[in-house]
Amino acid sequence: ETAFIHRFEPATSAGSPPLLLLHGTGGDENDLLGLGKLISPGSALLAPRGRVLEHGMPRFFRRLAEGVFDEDDVRRRARELGDFVAEARQRYGLAAPIAVGFSNGANIAAALLLQRPEALSGAILLRAMVPLSDPPNADIAGKPVLLLSGQGDPIVPASNSARLAALLSQAGASVTHRVLPAGHQLSQADVTLARDWIGNVD
Ligand code: MLT
């Protein structure tokens, strides 16, 4: 079994999609449980803790500098996360989840989508960047993706998130990209937009 420390909360309403919650740098498996409940009350919540440590801060893959990724590690860690999702689906009896990732968690969610499309039924990517400069030729036809970027994000340039939206669209995803009057941190608008989007996904 692929050992990720994680939290799991079973669904409280049938018909709500399971969520895979992926925290940002320095976060943990508890961080996004509240967000998950706000955007999709009743969903099963599966929240792993990133296994890479950067000065003691959990992440989902190694980076060489801010915004400069160790891409071999991105690929390897995305496979590992894909294995975890497959095992957790069996163990807990879950349909393929919708990833909800913030920052580093959004970046690994994008990598997972490109590398193991079958692991996810869709994704909400909050402040995501292009995770791989030479992404695999994925077929993610019809998968719904909500990409929410911050207009003043000092970590994610507008050109980078636009490139990610284009890349996912070209791979067949059904991408909604909104640029919010926000920085790297989440805002109330993220919650509202994510909740409305997930309510319309099927
Ligand atoms: C990353 O390393 O994934 C991005 O720089 C976002 C972050 O975690 O700060």
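Our structure's up above, just so we're on the same page.
Position numbers for residues count from 1 along each chain, tracking the sequence in the order it is written. Only residues with pLDDT of 70 or above have their local features reported here, since the model is predicted, and side-chain atom pairs are shown and tallied only from 80 upward, although totals for entire chains, interfaces and linings are computed over all residues. Side-chain figures throughout are based on the complete set of non-hydrogen atoms in the structure, without hydrogens or water.

(A) Region of the structure containing the layout of surface pockets. In this structure, the largest pocket encloses a volume near 190 Å³. Cavities and pockets were defined on a 1 Å grid built over protein atoms only: a cavity is a set of grid points that admits a 1.4 Å probe from which the probe cannot escape, a pocket is an open set flanked by protein on both sides within 12 Å along at least five of seven lines, and lining residues are those with an atom within 4 Å of any such point. Forming the walls of the largest pocket are 17 residues, and the residues nearest its centre are Thr-25, Arg-63, Ser-103, Ile-155 and His-184. Only Asp, Glu, Lys and Arg are considered charged in this grouping, and only Ala, Val, Leu, Ile, Met, Phe, Trp, Tyr, Cys and Pro are considered nonpolar; every other residue, Gly among them, is considered polar. In the lining of the largest pocket, the residues fall into five nonpolar, eight polar and four charged. Grid points are joined across faces, edges and corners, and a volume is the space filled by probe spheres set on the points.

(B) Highlighting the sheet that holds strand β2 (residues 19-22). Pairing within the open sheet is mixed, and its seven strands lie in the order β1-β3-β2-β8-β9-β10-β11. Edge positions in the open sheet fall to β1 (6-9) and β11 (174-180), since each of these has one partner strand only. Pairwise comparison of adjacent strand axes, ignoring direction, gives a mean angle of 10 degrees for this sheet. The sheet contacts of helix α3 (residues 104-115) involve β2, β8 (98-102), β9 (122-126) and β10 (144-150), and relative to β8 the element is tilted by about 145 degrees. Contact definition: two residues touch when any of their heavy atoms are within 4.5 Å. Axis definition: a line fit to C-alpha positions, over the contact stretch in the case of helices; interaxial angles, taken between N-to-C directions, run 0 to 180 degrees. Numbering goes from the N terminus for both helices and strands, where a helix is a DSSP run of H or I of at least four residues and a strand is a run of E of at least two. Set on the sheet, helix α4 (residues 158-170) makes contact with β9, β10 and β11; between it and β11 the angle comes to about 170 degrees. One requirement defines pairing of two strands: DSSP has to find at least two bridges between them.

(C) Focus on the site of the ligand. One heavy atom within 4 Å of a molecule or strand is enough for the residue carrying it to be called near that molecule or strand. In the neighbourhood of the ligand, the contacting residues comprise Thr-25, Arg-59, Phe-61, Arg-63, Gly-67, Phe-69, Ser-103, Asn-104, Asn-107 and Ile-155. In this structure, an oxygen atom belonging to the ligand sits 3.1 Å away from a side-chain N or O atom of Arg-63. Isolated, the ligand exposes 260 Å² of accessible area, and the fraction of that covered by the protein chains is 96%. For this analysis, a molecule is said to be in a pocket or cavity if more than half of its atoms are within 2 Å of the grid points defining it. Counting atoms within 2 Å of the grid points, the majority share of the ligand lands in the largest pocket. Residues belonging to the shell around the ligand are distributed by class as follows: three nonpolar, five polar and two charged. Residues adjacent in sequence count toward polar contacts only when both atoms are side-chain atoms; beyond that, a polar contact is any pair of N or O atoms within 3.5 Å, and within protein one must be able to donate a hydrogen and the other to accept it. Per-residue and other accessible areas follow the Shrake-Rupley method at a 1.4 Å probe size, with only the shown protein chains counted as cover for residues.

(D) Focus on α3. One less than the number of residues in a helix, times 1.5 Å, gives the span that helix is expected to have. Between its terminal C-alpha atoms α3 stretches 16 Å, which fits the 16 Å expected from 12 residues at 1.5 Å a residue. Remark: exposure states derive from per-residue accessible area (1.4 Å probe, protein chains only) relative to the maximum for the residue type, with buried under 20%, exposed over 50%, and partly exposed in between. When you tally the buried positions in α3, you get 12 out of 12 residues, the bulk of the element. What α3 keeps buried is the set Asn-104, Gly-105, Ala-106, Asn-107, Ile-108, Ala-109, Ala-110, Ala-111, Leu-112, Leu-113, Leu-114 and Gln-115.

Honestly, it's all geometry; don't read function into it.
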